[in-house]
Amino acid sequence: MSFVVLVTAVGGYLYYQHLNGNITVTKTDEAKDYFSKDEAFNILVIGTDKRTGKGNEGYGDKGSVGHADTNILLHVSKDRSNATALSIPRDLIVDVPDCTVTDADGKSKVIPGSTGVRFNTSLGQDGRDPGCTMKTVKAVTGITPDHFMMADFNAVKTLTSAVGGVEVCVAKDVDDPDSHLKLSKGKHTLAGEQALAFLRTRHSFGNQGDLDRIKVQQQFLGSLARKMSSGDTITNPVKLTRLAEAATKALTVDQGIGSLGKLKDVALEINKVPTKNISFVTTPVVDNPTEKVHATVVVNDAQAPAVFNAIKNDVSLTETKKKAKAAQAAKLKGPKSAASEVRVDLYNGSEKTGAAQETLTWLQNSEGVLKSSQLGNKPTQKKTTLEYSPDQADQARRLADIMGLPASALKEGKSEKNDQGLPAMILILGQDFQGAGTPIDGASAKAPKVDKQTADKTVCAQ
């Protein structure tokens with residue numbers, strides 16, 4: 001969330017270049033080479049436990065290679081009305097897939113996967129990089145991260161100091177000798193070492209485990225989001241400069257967002273989401289049944305799929321604008337053309353070989369959509385889309401009815417000329433395409449009932 005301030009942090013060319021040079025980029029095949037401002041996106045935020053940097057030697061495991069200690073998959077909706085921050089416990093037992101990393105000389109090598117290990121070993125262990133963590137997230141949740149941002153202990157200290165501290169609330173006095181956190185009951189503004197201690201402590205809240213520490217971290221991030229959206233930072237030139245310096249030095253990102261311009265684009269898109277519609281939720285888990293003394297967890301197969309499915313289908317966990325929902329649903333209401341009058345050009349953007357041809361054959365032979373053409377591939381996109389001109393709305397509703405398209409797939413815009421020179425709608429099959437005749441029904445995904453907190457609420461850590 002700290003990238004919100006980068007929107008106005010590029011006052012002069014030389015300073016812009018200076019900030020650009022601060023950014024550390026790690027290239028990975030698991031990340032996109034571009035950032036799209038027109039689509040939903042997923043950014044994996046990784047906090048490592050690497051002890052490098054001044055004052056960090058005394059924290060826990062001095063020899064840590066930098067495991068994935070804190071992990072949040074941030075999903076920002078396509079319409080920017082909402083966002084979901086999904087925490088993934090570091091002690092979650094997973095299978096880490098084989099992954100490819102690139103060394104300093106530009107040479108690639110494959111690091112073998114591991115079965116039944118902690119999620120945090122998806123980074124650092126055996127030389128794994130953030131791309132390995134991204135690949136593990138996809139294997140566990142079915143959600144594809146588009147980009148990553150990685151920070152260490154120093155990032156927490158420098159970023160919280162740069163914004164002038166983050167307000168937190170504790171429901172009781174805290175005195176943790178391990179994290180060195182000492183607070184009286186009530187509200188406090190924390191920065192630097194104190195902020196890091198607050199995020200690291202496990203022995204002062206809840207059952208003293210990692211799951212309760214995650215809740216505290218989510219409360220902290222919610223408070224940070226409120227502070228950033230209040231305008232106190234981005235209207236203060238001194239704070240703004242400090243934060244721009246700290247943010248660009250503190251973070252490692254992938255090649256798709258590895259410039260100040262791209263980070264600014266990310267900031268602008270995130271900043272469109274109201275804090276009341278930013279949901280923090282933890283991956284549903286249960287204690288590892290193979291352990292007598294519970295130290296790790298496994299995915300709760302009864303609850304987790306609904307959460308993962310909501311994120312994959314861009315479904316908000318909070319109430320968003322009802323008018324916007326009604327406007328979307330209205331696209332499907334109204335007269336429908338006969339199937340024989342539907343004129344559409346099909347493209348494959350699903351990465352599934354032959355998807356467009358398979359759909360064309362089904363539409364023509366089984367559904368009577370004879371004025372359809374298959375025109376090859378388009379760049380991969382997550383969701384299937386149908387673009388049409390205003391006078392083709394009747395055709396669009398008929399095709400949506402035939403294919404089971406959700407209202408969100410329909411986009412009133414323009415048509416194109418088909419191979420006969422006649423106006424045709426543009427259907428691009430996305431990664432949600434499961435097969436010809438199978439409804440592409442993202443609208444059927446419902447927001448699951450899940451324990452969550454939103455960024456607009458102040459919660460006292462207990």
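Residues numbered from 1 in each chain as written. Predicted model: local features only at pLDDT ≥ 70, side-chain atom pairs only at ≥ 80, totals over all residues. Heavy atoms only, no water.

A.B. asks: Could you clarify how one ought to interpret the sheet that holds strand 24 (residues 452-454) in this entry?
C.D. replies: If you trace the 8 strands from one edge of the open sheet to the other, you get 1-14-9-2-3-4-15-24, paired in mixed fashion. Strands at the two margins of the open sheet, each flanked by one partner only, are strand 1 (24-25) and strand 24. Pairing between strand 9 (residues 147-151) and strand 14 (residues 252-253): 2 bridges, direction antiparallel. Bridged to Met 150 within strand 14 is Thr 252. (Pairing = 2+ DSSP bridges. Helix = DSSP H or I, 4+ residues; strand = E, 2+ residues; numbered from the N terminus.)

A.B. asks: It is not clear to me how the pairing of strand 3 (residues 68-76) should be interpreted in this structure. Could you clarify?
C.D. replies: By the criterion of burial, strand 3 is predominantly enclosed, with 8 of the 9 residues buried. Examined bridge by bridge, strand 2 (residues 41-48) and strand 3 share 8 bridges and lie antiparallel to one another. Along strand 3, the bridge assignment pairs Asn 42 with His 75. Two strands pair when backbone bridges link them, and strand 3 and strand 4 (residues 83-87) are joined in this way by 5 bridges, in the antiparallel orientation. Looking across to strand 4, one finds that Ile 72 is bridged to Ser 87. (Buried < 20%, exposed > 50% of the residue type's maximum accessible area, 1.4 Å probe, protein only.)

A.B. asks: Looking at this structure, I do not really get the packing of helix 4 (residues 192-200) against helix 5 (residues 210-229). What am I missing?
C.D. replies: Between helix 4 and helix 5, the least distance of the axes is 8 Å, while the angle of their chain directions is 140°. As summarised for this structure, helix 4 and helix 5 are arranged oblique, according to the angle between their axes. In this structure, helix 4 uses Ala 195, Phe 198, Leu 199 and Arg 200 to contact helix 5, whose residues at the interface are Arg 213, Val 216, Gln 217 and Phe 220. Of the residues belonging to the contact of helix 4 with helix 5, the class tally is 5 nonpolar, 1 polar and 2 charged. (Axes fitted to C-alpha atoms, helices over the stretch in contact; angles between N-to-C directions. Parallel < 35°, antiparallel > 145°, perpendicular 65-115°, else oblique. Contact = heavy atoms within 4.5 Å. Nonpolar A, V, L, I, M, F, W, Y, C, P; charged D, E, K, R; others polar.)

A.B. asks: It is not clear to me how the side chain of Arg 343 should be interpreted in this structure. Could you clarify?
C.D. replies: Within the secondary structure, Arg 343 is located in strand 18 (residues 343-348). The side chain of Arg 343 is buried and forms no salt bridge, while Glu 341, the nearest opposite charge, is found at 5.9 Å. If near-sequence neighbours (up to four positions away) are discounted, Arg 343 is found in contact with Lys 371, Gln 395, Asn 418, Leu 422, Pro 423, Ala 424 and Met 425. (Lys, Arg positive; Asp, Glu negative; His and termini not counted. Salt bridge = Lys/Arg side-chain N within 4 Å of Asp/Glu carboxyl O.)

A.B. asks: I keep staring at the pattern of salt bridges and nothing clicks. Help me out?
C.D. replies: When the charged atoms of two side chains lie near each other, side chains of opposite charge can form a pair. Across all of its chains, the model carries 17 salt bridges by this definition. For Asp 33, the salt bridge is made with Lys 27, and the minimal N-O distance between the two is 3.9 Å. For the pair Asp 33 and Lys 27, one class covers both residues: exposed. Put simply, Glu 193 and Lys 157 hold a salt bridge, and the shortest N to O gap is 3.0 Å.

Fair warning: the whole summary comes from geometry, so function is off the table for now.
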